[in-house]
Amino acid sequence: MGSLVMMPIVGFLTSKIDVRKLLATGFFVAGFTLIWLGQLNLQAGYWDIFWPQLLQGTGMALTFVPLTTATMQAIEPQRMGNAASLFNLMRNIGGSVGIAVTGTMLTRQRQTVATVLGENINIYDPTTVTLLGQLKAGFMARGADAVTATERSYAALHGMLLQQASMVSFVWLFRLLGGIFLMLLPLILIMRRPKGRVAPAAAH
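Residues numbered from 1 in each chain as written. Predicted model: local features only at pLDDT ≥ 70, side-chain atom pairs only at ≥ 80, totals over all residues. Heavy atoms only, no water.

Caption draft 1: Region of interest: the overall build of the protein chain. In terms of helices and strands, the protein chain carries six helices and zero strands. For the protein chain, the N- to C-terminal ordering of α and β elements is α-α-α-α-α-α. Over its C-alpha atoms the protein chain spans a radius of gyration of 24 Å, topping by over 25% the 17 Å that the globule rule assigns to 204 residues. Overall, the C-alpha framework of the protein chain stretches about 75 × 30 × 30 Å when taken along its three principal axes. Scored against the burial criterion, the 204 residues of the protein chain give a buried share of 30%. Long-range pairs, those at least 24 residues apart, make up 76% of the contacts in the protein chain between residues at least 6 apart in sequence. Looking at the protein chain as shown, the accessible area adds up to about 13000 Å², and 66% of this sits on carbon and sulfur atoms. Side-chain charges of the protein chain comprise 15 positive and 7 negative groups, with the mean position of each set lying 20 Å from the other. (Helix = DSSP H or I, 4+ residues; strand = E, 2+ residues; numbered from the N terminus. Rg over C-alpha atoms; globule rule 2.2 N^0.38 Å. Buried < 20%, exposed > 50% of the residue type's maximum accessible area, 1.4 Å probe, protein only. Contact = heavy atoms within 4.5 Å. Areas by Shrake-Rupley, 256 points an atom, 1.4 Å probe, with all protein chains shown as cover. Lys, Arg positive; Asp, Glu negative; His and termini not counted. Charge placed at Lys NZ, Arg CZ, Asp CG, Glu CD.)

Next comes the structure, spelled out in structure tokens:
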């Protein structure tokens, strides 16, 4: 929704405002929303995710439209088709690589966190014993026998551990990506200043 609303607005602004300023704003908004998502926990509700996602859509519009415009502004009209194709190809490759890398990082981080959390769960820990007892009692109250209730309590505890590990991993990755966006801000200073007003370039 944020992108849908902002795309035409940003397209208009690219002919009025220095695209580097728009791009810097987009990087800041994107980084801010990712760090905002990095504050989530397992008690988060729909609106805790809706608002940062809405703002993130705005940040994406402020990023991709000015970036495309700044890239294409110096291209001669007769070469625009080839330039746009090459730009979109590299962007798609970069996006695919980024998705693969972050997916791998998320999986590895989840495994690492699960291992660390699992080291603190054992039958000699009073908290673990109490929790297992409560889970077992709950399953038995629902009609399970003692053996089945014990197995289910272990499975439930393992599920809770994986849930916590996933949440910690997502929070870590959100904060990492948010930090990367903010660290990209100084690179805008080395971009060439657009010569005059430029027409907004097509963006997908």
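Next comes the rest of the write-up.
Caption draft 2: Structural context of helix H5 (residues 126–141). Spanning 16 residues, H5 covers 22 Å between terminal C-alpha atoms, matching the ideal 22 Å at 1.5 Å per step. Of the positions making up H5, those classed as buried are Thr128, Leu132, Leu135 and Phe139. Buried positions in H5, seen along its axis, are confined to an arc of 65° and lie on one side of it. Facing away from the buried surface of H5 by more than 90 degrees, the exposed residues are Pro126, Thr127, Gln134 and Ala141. (Expected span 1.5 Å × (residues − 1). Arc of directions from axis to C-beta.)

Caption draft 3: Broad picture of the environment of threonine 69. The topology assignment puts threonine 69 in helix H3 (residues 46–72). Looking at threonine 69, the relative accessible area reads 2%, which means it is buried. In the structure, threonine 69 is positioned 50 residues away from valine 19 in sequence and 7.5 Å away in space, judged by C-alpha atoms.

Caption draft 4: Geometry of the packing of aromatic side chains. On inspection of all chains with the given rule, the structure shows nine aromatic pairs. Ring plane angle 65° and centroid distance 6.0 Å describe the contact between phenylalanine 27 and phenylalanine 181, whose orientation is recorded as edge-to-face. Taken together, the residues span a long stretch of sequence, with phenylalanine 27 in helix H2 (residues 19–37) and phenylalanine 181 in helix H6 (residues 146–183) at a distance of 154 residues. According to the relative accessible area criterion, phenylalanine 27 is buried, its value standing at 11%. Ring geometry for phenylalanine 32 and tryptophan 36: centres 5.9 Å apart, planes at 50°, overall tilted. (Phe/Tyr/Trp six-rings, centres within 6.5 Å; stacked < 30°, edge-to-face > 60°.)

Caption draft 5: Region of the structure containing the packing of H2 against H6. In contact at an axis separation of 7 Å, H2 and H6 are set at 160° when each is read in the N-to-C sense. One finds that H2 runs roughly antiparallel with respect to H6. Here H2 runs over H6; the crossing is left-handed. For the pair formed by H2 and H6, the contact residues are Phe27, Phe28, Ala30, Gly31, Leu34, Ile35 and Leu37 on the first element and Phe174, Arg175, Leu177, Gly178, Phe181 and Leu182 on the second. Class assignment of the residues belonging to the contact of H2 with H6 gives a composition of ten nonpolar, two polar and one charged. (Axes fitted to C-alpha atoms, helices over the stretch in contact; angles between N-to-C directions. Parallel < 35°, antiparallel > 145°, perpendicular 65-115°, else oblique. Left-handed = near helix turned anticlockwise from the far one by under 90°. Nonpolar A, V, L, I, M, F, W, Y, C, P; charged D, E, K, R; others polar.)

Shape is all these values report; function is a separate question.
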